[in-house]
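# Coordinate inspection notes
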Amino acid sequence: MLNDELPPEVILAIQRALEAHVGDVQGDSFDPPSLDTPFTPIPVLNDLFPDEQSLAHLDFVTAQLADTQQKLQAEIDSLQHELRQSQDPEKMQLIQEMISVNARYSSLISTDKNYSSQDLLGQMSLIREKATESEAVVRNITKDIQVLDTAKKNLILSMTTLKRLQMLGVCSCVNTCVVGSNANHCEVNALSQLEDLVKEKKYNEVSDTLAVVKQIFTTFKTYTGVPRISQVWKRIQEIQGELRSLIEADFDAFILQDTSKAIKPTQISDACLAVDVLGADFRAHLVDRYVALELKEYRRIFRSTDEAGQLDNLSRRFAWFRRMLQTHEIEQGRVFPVEWKVGWCLLAKFVDITRDDLSMLLVKAGTSLTVKVLLENLQITTEFENSMAKKWATSVSFLLREDVLIASLKRAPSQPQSRRSGDTRYDVHELKHACKLINTADYCLSTASELEDKIREKINEEFKERVSFQAERDMFVSVVSAAIVIQLRELETACDAAFSSMARTTWTASGQVTGQSPYAGDLVSAVEQVMETVKPLVEQKKYLRNLFDKACSLILAKFTNAIVKSRPLKEIGAEQLLIDLQHVKSYLTKMPGESLVTTSYTRGLTKSTTRLEALLKVIVTPVDPPEGFILNYTLLIGDASFSNFQKILDLKGTPKGQQNALLDNFLTITSTKTDLDSTSFLSSLDMEPPGPGQLGGSLRQQAL
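Residues numbered from 1 in each chain as written. Predicted model: local features only at pLDDT ≥ 70, side-chain atom pairs only at ≥ 80, totals over all residues. Heavy atoms only, no water.

Quick look at the overall build of the protein now. Across its full length, the protein holds 25 helices and 2 strands. Counting over 704 residues, the protein shows a buried share of 40%. Of the contacts formed within the protein by residues at least 6 apart in sequence, a portion of 73% connects residues at least 24 apart. Of the accessible surface of the protein, which amounts to about 38100 Å², a share of 53% is contributed by carbon and sulfur atoms. (Helix = DSSP H or I, 4+ residues; strand = E, 2+ residues; numbered from the N terminus. Buried < 20%, exposed > 50% of the residue type's maximum accessible area, 1.4 Å probe, protein only. Contact = heavy atoms within 4.5 Å. Areas by Shrake-Rupley, 256 points an atom, 1.4 Å probe, with all protein chains shown as cover.)

Quick look at the structure:
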């Protein structure tokens, strides 16, 4: 049967179902035509309609072909939906080919044109080639754009860096310029401008200029290895060092009211702005300096050895501080920024000094105290603390420690009793009494625990949990602690003469090292006498170990305070102190004995003496050349603290003029050593330590 003899609607239905094949009139499926061979519809039509009678089934064949086409379309839609979910390029290509083939077959049938599948595949291949070429072109264009973007970023970074360097080196408007602004009109060197402002002491402008210079230079911190950048950084450090020296000199002149240097309050106020830019370390140094100078007169008037410093004159101490604080707030204190809290720093230092003095007076007074005197002083102290707490809207730590007061109240009779006065030797009777207290309290502690267990065994089950002697055990532990404090007090008294002799030594008068100093032998002898008295009298070894740990800390802390008080040391004094320290260390190493020495004791002794040795070795090092001296400091101390290095120079007795140059070199060298810490054991070194006989600060806390 020929193609042109069929009705048009039959041909259209057949063309819409080219992918499906019906084996017979009953609707069996057939394989779709291969895309590899040319397709001709005549054989398919002859197969479907072999004779004229088969035309009777035309409607059925048409419906079957339409149904098959719908199923194919549903499959295509399903594949498209799946493709949108999985974004699989291969599936997308497959669906596109199926849609394209279906559309082209439909077009061929509807237009009655006999295109071969080979032609379709050729067109599809051509389209894929064009798409591949387009993709390659797009990639090349994108690659060039990415390269241009990278070049643009590098160019912007280079321009920004150069502009910042220009602002650092050539900028007359450094107070108003910002990074990235037009700086072509800048004409004056910023660092030269800063130097001029520093020399003219225009601190207000210096603070703004220095802040901008430091902010700009943060960009170049990582490039300090570049010679030019390193030179600029060194120059900035030199300017800051010179600024520190000028400000410190002006502060001293203002605080001491030097008539030869007329320093206006406004100048100091402006200088405070520059100090904030220089850093918190330098600010803390100035505040500590001011506080020390303001309270210097207080230390002189209320010495514990003078009448004004006795317990019955406690109210005079507080009255003096109130007057000083009022003068500070009206006059000199007004130049300091509020956020510096200088008044609070004065109070904190006053409290520390007064607490140490009162604790020493209470301990040394002993049984000569009366309950009346203690209660009166407690009331005066409480009133002062409340007034200060109200002024600053915060709590003030107690000047009179509760445990010291309780111990004093227990010892104090209703009438004063005679006790040794003016005698610096330790009290053997008191020492032995403390040992008996420890033994008795320990026995009571053990008995209380045993009694608690026995009662729990005998009592009914419902009452067992209510049986507890914990309060009693805590009381006995407190008695042991108080007795150890008494032992440490007597040990301190025995060592006072040796430490006083050490603190009064004039190291500058020593021409050479002469071996062990006399005070070192006296110190070891005094400690040995006390410990030999205590050892056989305390029954429990754990309390002896506790005593040895605290005694070692006490002796080394007092040794450190005596070093500070005996400054200037010079190289010869530090070398002599190293020899004396070795002698003291040798005794402390064997002080507990083989049966009582512990790892913690040895570790604590080694740690403390190693720090003292490092301190003295730095002082022994000559300051010439400066680089070698500073390098030795960084190796032995291991920090980059401006204040700590200043302490070394003060202990060494370095002249003021030479100190400024050393401090500048210190800042320059340590700025490149990022591995150094900001603090070390020197940070807690008190340059105004309590004198002999005062168990001060953290050491007293350890003893208690």
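Moving on: a nonpolar patch on the surface. On the surface, a nonpolar cluster with roughly 260 Å² of combined accessible area is contributed by Val137, Ile141 and Ile145. Tracing the chain through its elements places Ile145 in helix 5 (residues 117-169). Judged by relative accessible area, Ile145 falls into the partly exposed class, the value being 43%. (Patch = residues over 30% accessible without salt bridge, like charges linked within 9 Å, V, L, I, M, F, W, Y side chains within 5 Å. Salt bridge = Lys/Arg side-chain N within 4 Å of Asp/Glu carboxyl O.)

What follows concerns the pattern of salt bridges. The full count for this structure, using the stated rule, is 22 salt bridges. The salt bridge involving Asp67 is made with Lys71; its shortest N-O contact spans 3.5 Å. Here Asp67 and its partner Lys71 are both found in helix 3 (residues 58-86), 4 residues apart, which amounts to about one turn of the helix. Residues Arg289 and Asp252 are paired through a salt bridge, measuring 3.3 Å at the closest nitrogen-oxygen approach. You can see Arg289 sitting in helix 10 (residues 280-294) and its partner Asp252 sitting in helix 8 (residues 227-255), a full 37 residues away along the chain. Look at Arg289 and you get partly exposed, because its relative accessible area is 35%. Residue classification places Asp252 among the buried residues on the basis of a relative accessible area of 16%.

Time to look at helix 23 (residues 642-652). Of all 11 residues in helix 23, 10 are buried; the element is thus mostly enclosed. Of the residues flanking the start of helix 23, the one acting as N-cap is Ser641, its side-chain oxygen 3.5 Å from the backbone nitrogen of Ser643. Taken from the residues just after helix 23, Gly653 is the one with a positive phi, measuring 85°. (Polar contact = N/O pair within 3.5 Å; in protein donor to acceptor, adjacent residues only side chain to side chain.)

In the structure shown here, the tally under the stated rule is 17 aromatic pairs. Between Tyr298 and Trp320, the aromatic rings sit 5.2 Å apart at their centres with planes inclined by 35°, giving tilted as the arrangement. On the criterion of sequence distance, the pair formed by Tyr298 in helix 11 (residues 296-301) and Trp320 in helix 12 (residues 314-330) is long-range, its members being 22 residues apart. Residue classification places Tyr298 among the buried positions, given a relative accessible area of 1%. (Phe/Tyr/Trp six-rings, centres within 6.5 Å; stacked < 30°, edge-to-face > 60°.)

In a pair of packed helices, the angle between the axes and the distance between the axes together describe the arrangement. Remark: helix 13 (residues 342-365) packs on helix 14 (residues 371-392), axes separated minimally by 13 Å, with the N-to-C direction vectors making an angle of 170°. Considering the angle they form, helix 13 stands roughly antiparallel to helix 14. Two secondary-structure elements touch here, helix 13 through Gly343, Trp344, Leu347, Phe350 and Leu362 and helix 14 through Leu374, Phe384, Met388 and Trp392. Classifying every residue of the contact of helix 13 with helix 14 gives 8 nonpolar, 1 polar and no charged. (Axes fitted to C-alpha atoms, helices over the stretch in contact; angles between N-to-C directions. Parallel < 35°, antiparallel > 145°, perpendicular 65-115°, else oblique. Nonpolar A, V, L, I, M, F, W, Y, C, P; charged D, E, K, R; others polar.)

Let's shift gears to the packing of helix 8 against helix 10. Where helix 8 meets helix 10, the closest approach of the two axes is 11 Å, and the angle between their N-to-C directions is 20°. Taken together, the axes of helix 8 and helix 10 lie roughly parallel to each other. Note that helix 8 runs across helix 10; the crossing there is right-handed. Each of Arg244, Ile247, Glu248, Phe251, Asp252 and Ile255 in helix 8 lies in contact with helix 10, whose residues at this interface are Phe282, His285, Leu286, Arg289, Tyr290, Leu293 and Glu294. (Left-handed = near helix turned anticlockwise from the far one by under 90°.)

With that settled, consider unusual backbone geometry. The peptide bond linking Arg567 to Pro568 adopts the cis configuration, its omega dihedral lying at 5°. With respect to the element layout, Pro568 can be found in the loop between helix 19 (541-565) and helix 20 (570-590). The linkage connecting Asp624 with the following residue, Pro625, adopts the cis geometry, with an omega of 5°. Of note, Pro625 is situated in the loop between helix 21 (599-620) and helix 22 (626-636). One non-glycine residue, Lys201, adopts positive backbone phi at about 60°. As for its position among the elements, Lys201 is in the loop between helix 6 (190-199) and helix 7 (203-217). Overall, Lys201 belongs to the partly exposed group, its relative accessible area being 31%. With phi around 60°, Lys570 is a residue other than glycine that occupies positive phi space.

In terms of nonpolar packing, the biggest core is built from 145 residues, with Ile247, Phe321, Phe559 and Leu588 touching the most fellow members. With 13 residues, helix 19 is the largest single contributor of residues to this core. Leaving out residues up to four positions away in the same chain, Phe559 has contacts with Phe499, Met502, Tyr519, Leu523, Leu577, Leu581, Val584 and Leu612. (Core = buried A, V, L, I, M, F, W, Y, C linked by side-chain atoms within 4.5 Å.)

For the rest of this paragraph, the subject is the confidence of the model for the protein. For residues with low pLDDT, the predicted coordinates do not support detailed interpretation. Averaged over all residues, the pLDDT of the protein is 78; the fraction at 70 or higher stands at 78%. Segment residues 170-188 is flagged for pLDDT under 50; beyond a separation of four residues in sequence, or across chains, it makes 36 contacts in the model. Scored below 50 in pLDDT, residues 693-704 makes 36 contacts in the model with residues more than four places away or belonging to other chains. (pLDDT = per-residue confidence, 0-100.)

This next bit is on the side chain of Ser517. Along the chain, Ser517 turns up in the loop between helix 17 (470-503) and helix 18 (518-534). At a separation of 3.1 Å, a polar atom in the side chain of Ser517 contacts the side chain of Gln576. Side chain to side chain, Ser517 and Asp580 meet in a polar contact 2.8 Å long. Apart from residues lying up to four places away in sequence, Ser517 is in contact with Gln576 and Asp580.

This part takes up the environment of Arg504. Along the chain, Arg504 turns up in the loop between helix 17 and helix 18. Taking C-alpha positions, Arg504 is 9.8 Å from Ile563, a pair spaced 59 residues apart along the chain.

Our focus in this paragraph is helix 16 (residues 428-458). With 31 residues, helix 16 should reach 45 Å at 1.5 Å per residue; the first-to-last C-alpha distance of 45 Å fits that figure. Within helix 16, the full set of buried residues consists of Glu430, Leu431, Ala434, Cys435, Ile438, Asn439, Ala441, Asp442, Leu445, Ala448 and Glu452. Considering only its buried residues, helix 16 is in contact with helix 17, helix 18 and helix 19. Its side-chain oxygen at 3.0 Å from the backbone nitrogen of His429, Asp427 defines the N-terminal cap of helix 16. (Expected span 1.5 Å × (residues − 1).)

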